[in-house]
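Here are the chains, one letter per residue:
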Amino acid sequence: MRVIAGTAKGRRLDAGHGMAVRPTADKVKGALFSILGSRFDIETTQLLDLFAGSGALGIEALSRGAASVIFVEQSATAARVLRENLQRCRFVERARILQLPVERALAQLGRTGTRVDGVFADPPYGHGLVDRTLADLVTQGVTKPGAWVAIEHHVDESPQAAYGNLHLTQARRYGKTGLALFVADEAMPVAQKDETQIVRAVYPGSFDPITNGHLDIVRRAVSVFDQVIVAVAATSSDPHKDGSLFTADERVEMIRDALADTDGRATADKFTGLLVDYCDRIGARVIIRGLRAVSDFEYEFQMAMMNRHMKPHIETFFMAAGSKHFYTASRLVKQVASLGGDVRELLPPAVYQRLLAKVGARR
Ligand code: PNS
């Protein structure tokens, strides 16, 4: 087993024969570093080598210029071989060995706020450690935004496509060995952000009632913004929307029900007065409006300009309606329902039931 490239190129490493560790085959190690090299810069990175064994992966990274590697290896025998390998390559100063079970090491790193740019993980096969390690990495939050995690696994223990903010981006097979590369979302989870880092967007409207077209916009907006507040206006600027069918509280309640599965990323609220004042009150810098046909544009553009005139620091973002929802409008939905037409597919089921009850009572 030799170092493939970098300052320690060609140096022979003790593979710890006879130990209960399985050193990464040179073929897999070479393939892994060529994948990483094509997408990431290893130089000056801070890395973590889990289930390090004799340390072949972390040492290869140090040879290629990584700033530091934390090696986690539970076995005293393997840790001794690892230390000798580090000495042989003169990498001791850029390395730290945690002689702990991986689960405990990750908890400790999480507690002390350690954040790394990349993680190697080569867990023993057949113990369910692939899933557990990836889940622990997420829970302890030790990866920086944009960090990579390269995990070796038996082909019968393939990982899922995503664990929290870690997403599978590449998967390879070498005989019975699988190699999976995950990348952490660039965006920090909202829970880790402080108030100044959260991008909060308001999606305002009459929502009398909310339709599947509106919900499609909210769900797509949630993948872009940290928090989306669906804000029901008690006063609309549209003269056609004077007499509303549902009260503002009823509308908020229906929206809350429909968004119950978004983990609090999308919420509902109501407001009176100017929209831009409401945005300032709740610390939102973005207004989202959905655009359907060209006919929406003039009215939307006027509102966006007026809002910018009043508060230039608040930006309006237009999102194109989903193609299925191009003709869905609350106004038409209400009219069709009141005349006995079928609007079931255009509304969330609970909203549909409430609309039927409301228009039935009015008829
Ligand atoms: O769904 P709608 O009715 O088209 O939404 C219009 C809404 C609620 C976004 C707009 O009427 C509004 O912002 N009302 C709040 C009062 C306000 O700020 N008016 C000035 C808008 S330039």
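Residues numbered from 1 in each chain as written. Predicted model: local features only at pLDDT ≥ 70, side-chain atom pairs only at ≥ 80, totals over all residues. Heavy atoms only, no water.

1. Some thoughts on the overall build of the protein
So, point 1. A tally of helices and strands in the protein yields eleven helices and 13 strands.
So, point 2. By the compact-globule yardstick of 21 Å for 363 residues, the protein is too spread out, its C-alpha radius of gyration being 28 Å.
So, point 3. Put simply, the protein has 46 plus and 41 minus side-chain charges, and the middle of one group is 3 Å from the middle of the other. (Helix = DSSP H or I, 4+ residues; strand = E, 2+ residues; numbered from the N terminus. Rg over C-alpha atoms; globule rule 2.2 N^0.38 Å. Lys, Arg positive; Asp, Glu negative; His and termini not counted. Charge placed at Lys NZ, Arg CZ, Asp CG, Glu CD.)

2. As for helix H9 (residues 295–310)
So, point 1. Every buried residue of H9 is listed here: Asp296, Glu300, Ala304 and Asn307. For H9, the angular spread of buried residues about the axis comes to 65°, placing them on one side. Turned more than 90 degrees from where H9 packs its buried face, Glu298, Gln302 and His309 sit exposed. (Buried < 20%, exposed > 50% of the residue type's maximum accessible area, 1.4 Å probe, protein only. Arc of directions from axis to C-beta.)

3. Some words on the pattern of salt bridges
So, point 1. Within the structure shown, the criterion is met by 14 salt bridges.
So, point 2. Two residues, arginine 64 and glutamate 60, come together in a salt bridge whose shortest N-O distance is 2.8 Å.
So, point 3. The buried category is assigned to glutamate 60, whose relative accessible area is 0%.
So, point 4. Among the salt bridges present, the one from lysine 311 reaches aspartate 277, with a minimum N-O distance of 3.1 Å. Highlighted residues: lysine 311 in the loop between H9 and strand S13 (315–320) and aspartate 277 in helix H8 (residues 275–282), separated in sequence by 34 residues.
So, point 5. When salt bridges with common partners are traced through the structure, they connect Lys29, Glu60 and Arg64 into a single cluster. (Salt bridge = Lys/Arg side-chain N within 4 Å of Asp/Glu carboxyl O.)

4. A closer look at the nonpolar core
So, point 1. The biggest cluster of nonpolar side chains holds 34 residues, and the ones touching the most others in it are Tyr203, Val218, Ile255, Ile288 and Leu355.
So, point 2. Those elements giving two or more residues to this core turn out to be strand S9 (200–205), helix H6 (212–222), strand S10 (227–233), helix H7 (248–258), strand S11 (266–271), strand S12 (286–291), helix H10 (330–338) and helix H11 (349–362).
So, point 3. Look past the residues within four positions of isoleucine 288 in its chain and what remains in contact with it is Ala201, Val202, Tyr203, Pro204, Ile217, Ala221, Phe225, Phe317 and Met319. (Core = buried A, V, L, I, M, F, W, Y, C linked by side-chain atoms within 4.5 Å. Contact = heavy atoms within 4.5 Å.)

5. Things to note about the packing of aromatic side chains
So, point 1. Tallied over the entire structure, the rule returns eight aromatic pairs.
So, point 2. Between phenylalanine 225 and phenylalanine 317, the ring centres sit 5.6 Å apart and the planes meet at 85°, which makes this aromatic pair edge-to-face. Of this pair, phenylalanine 225 sits in the loop between H6 and S10 while phenylalanine 317 sits in strand S13; the two residues are 92 residues apart in sequence, bridging distant segments of the chain.
So, point 3. For phenylalanine 317, a relative accessible area of 40% gives the class partly exposed. (Phe/Tyr/Trp six-rings, centres within 6.5 Å; stacked < 30°, edge-to-face > 60°.)

6. Remarks on the packing of helix H1 (residues 26–39) against helix H2 (residues 56–63)
So, point 1. Where H1 meets H2, the axes come as close as 11 Å, and the angle between the chain directions of the two elements is 45°. Classified by the angle their axes make, H1 and H2 are oblique. The way H1 lies across H2 gives a crossing that is right-handed. Along its contact with H1, which presents Lys29, Leu32 and Phe33, the element H2 presents Ala56, Leu57, Glu60 and Ala61.
So, point 2. For the contact of H1 with H2, the residue count by class is five nonpolar, no polar and two charged. (Axes fitted to C-alpha atoms, helices over the stretch in contact; angles between N-to-C directions. Parallel < 35°, antiparallel > 145°, perpendicular 65-115°, else oblique. Left-handed = near helix turned anticlockwise from the far one by under 90°. Nonpolar A, V, L, I, M, F, W, Y, C, P; charged D, E, K, R; others polar.)

7. Things to note about empty space enclosed by the protein
So, point 1. Scanning the entire structure with this criterion turns up one cavity of 30 Å³ or more.
So, point 2. As for the largest cavity, its lining consists of Leu32, Ile35, Ala150, Gln170, Ala171, Arg172, Leu179, Ala180 and Leu181.
So, point 3. For the lining of the largest cavity, the secondary structure elements donating two or more residues are H1, strand S7 (166–174) and strand S8 (177–184).
So, point 4. Of the residues that constitute the lining of the largest cavity, the class distribution is seven nonpolar, one polar and one charged. (1 Å grid on protein atoms, 1.4 Å probe; cavity = no way out; pocket = protein on both sides within 12 Å on 5 of 7 lines; lining within 4 Å. Points joined across faces, edges and corners; volume = space filled by probe spheres on them.)

8. So, the packing of helix H4 (residues 102–111) against helix H5 (residues 129–140)
So, point 1. Between H4 and H5, the least distance of the axes is 9 Å, while the angle of their chain directions is 15°. Between H4 and H5, the angle is such that the two are roughly parallel. Crossing of H4 against H5: the hand is right-handed. Seen from H4, the contacting residues are Val102, Glu103, Leu106, Ala107 and Gly110; seen from H5, they are Arg132, Thr133, Asp136, Leu137 and Gln140.
So, point 2. Its residues assigned to classes, the contact of H4 with H5 shows four nonpolar, three polar and three charged.

9. Focus: the sheet that holds S10
Backbone-to-backbone hydrogen bonds join strands into a sheet, with any given pair of strands oriented parallel or antiparallel.
So, point 1. Taken in spatial order, the five strands line up as S11-S10-S9-S12-S13 in an open sheet, and their pairing is parallel. Each having just a single partner strand, S11 and S13 make up the two edges of the open sheet. On average, each strand axis in the sheet is inclined to that of its neighbour by 30°, with strand direction left out of account.
So, point 2. Bridge count for S10 against S11 is six bridges, and the pairing is parallel. For valine 232, the partnering residue across the bridge sits in S11 and is lysine 270.
So, point 3. Contacts from H6 reach S9, S10, S11, S12 and S13, with the element oriented near 120° to S13.
So, point 4. Relative to the sheet, H7 contacts S10 and S11, its axis offset from that of S11 by approximately 175°. (Pairing = 2+ DSSP bridges.)

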